[in-house]
Amino acid sequence: MRFLVTRPQPDCRRTAEKLRALGHVADEAPVLKTVEVGSAEIGLKGVSALAFSSRRAVAILAAHSQIDDIRKLPVFTVGDATALACREAGFSKVHSASGNIDALAQLILDHRSGLSSGEVLYPAAEDRSGDLEGLLAAGGVSCRTVVVYRMETVARLSSTVVDSLNSNAIDGVLIYSRRTAEAFLALVRSHGLDHILSGLPVYALSRQSAEPLSEASHVRVAAAPNETSLLDLALTQC
């Protein structure tokens with residue numbers, strides 16, 4: 001089977017290599033690129049814990065000048081992949097919600113009695129799904145979001161990817177976020193490929209990520225919002 005992996009690098013390559021190891025063809029077509037916000041003020045005064053919803057934010061914090069102090073804080077992550085990235089970056093007190101932003105907020109609230117007084121620091125993307133600050137505030141926990149990066153749509157798809165889409169050579173497109181779905185749809189249309197959308201098999205991580213493509217393509221949604229479930233769905237449906 002031939003799959004199109006649309007998530008940003010380096011995650012795009014990781015997923016593609018998993019598929020190749022299983023004997024499939026995987027075309028890397030990241031439709032978004034990460035741009036670090038260099039002016040972000042982290043500030044650790046009064047911070048009792050960290051919250052992460054992406055590995056990109058972990059990588060940026062890992063290069064911070066105060067990383068030794070940052071590593072001492074307990075960390076709460078939205079999923080297991082982000083939790084692993086935290087452990088690899090040297091964090092020792094890591095808790096994973098294994099779900100979405102709602103699950104992350106609940107995890108933090110469940111552990112609030114074990115946190116020192118202070119706020120939760122949330123290094124995140126400029127565009128985010130969910131409202132972690134609001135969810136925690138409703139539970140009596142203060143949260144400060146710091147934008148450390150933003151995602152920008154790439155200018156164009158490669159000629160190889162365009163040819164593969166145009167010739168219906170792709171057995172499945174993997175979509176990991178709403179923003180990725182929006183960017184992929186815009187790029188397909190910018191290349192004049194609207195006609196391929198109705199017959200294009202798309203596999204999405206969640207209902208939210210599927211929504212931008214749901215009217216144009218037949219989108220199947222993973223049983224759980226994680227890569228294992230997404231790949232299981234794609235490999236059994238193709």
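These numbers were taken from a predicted model, which means no experiment stands behind them.

A. Structural context of the environment of K18. Position of K18 relative to the elements: it lies in helix α1 (residues 11–21). For K18, a relative accessible area of 43% corresponds to the partly exposed category. Note: C-alpha distance between K18 and G139 (121 residues apart in sequence) is 39 Å. Once you skip the residues sitting within four places of it in the chain, K18 turns out to touch E227 and L231.

B. Inspection of the pattern of salt bridges at higher detail. One pass over the full model with this rule turns up 16 salt bridges. Residue E211 is joined to R178 by a salt bridge in which the shortest nitrogen-to-oxygen separation is 3.0 Å. Of the two residues, E211 sits in helix α9 (residues 207–214) while R178 sits in helix α8 (residues 178–190), which places them 33 residues apart along the sequence. Classification of E211 as partly exposed rests on a relative accessible area of 46%. One connected set of salt bridges, linked through shared partners, spans D11, R14, R55 and R56.

Reading guide: rules and limits
- Residues numbered from 1 in each chain as written.
- Predicted model: local features only at pLDDT ≥ 70, side-chain atom pairs only at ≥ 80, totals over all residues.
- Heavy atoms only, no water.
- Helix = DSSP H or I, 4+ residues; strand = E, 2+ residues; numbered from the N terminus.
- Buried < 20%, exposed > 50% of the residue type's maximum accessible area, 1.4 Å probe, protein only.
- Contact = heavy atoms within 4.5 Å.
- Salt bridge = Lys/Arg side-chain N within 4 Å of Asp/Glu carboxyl O.

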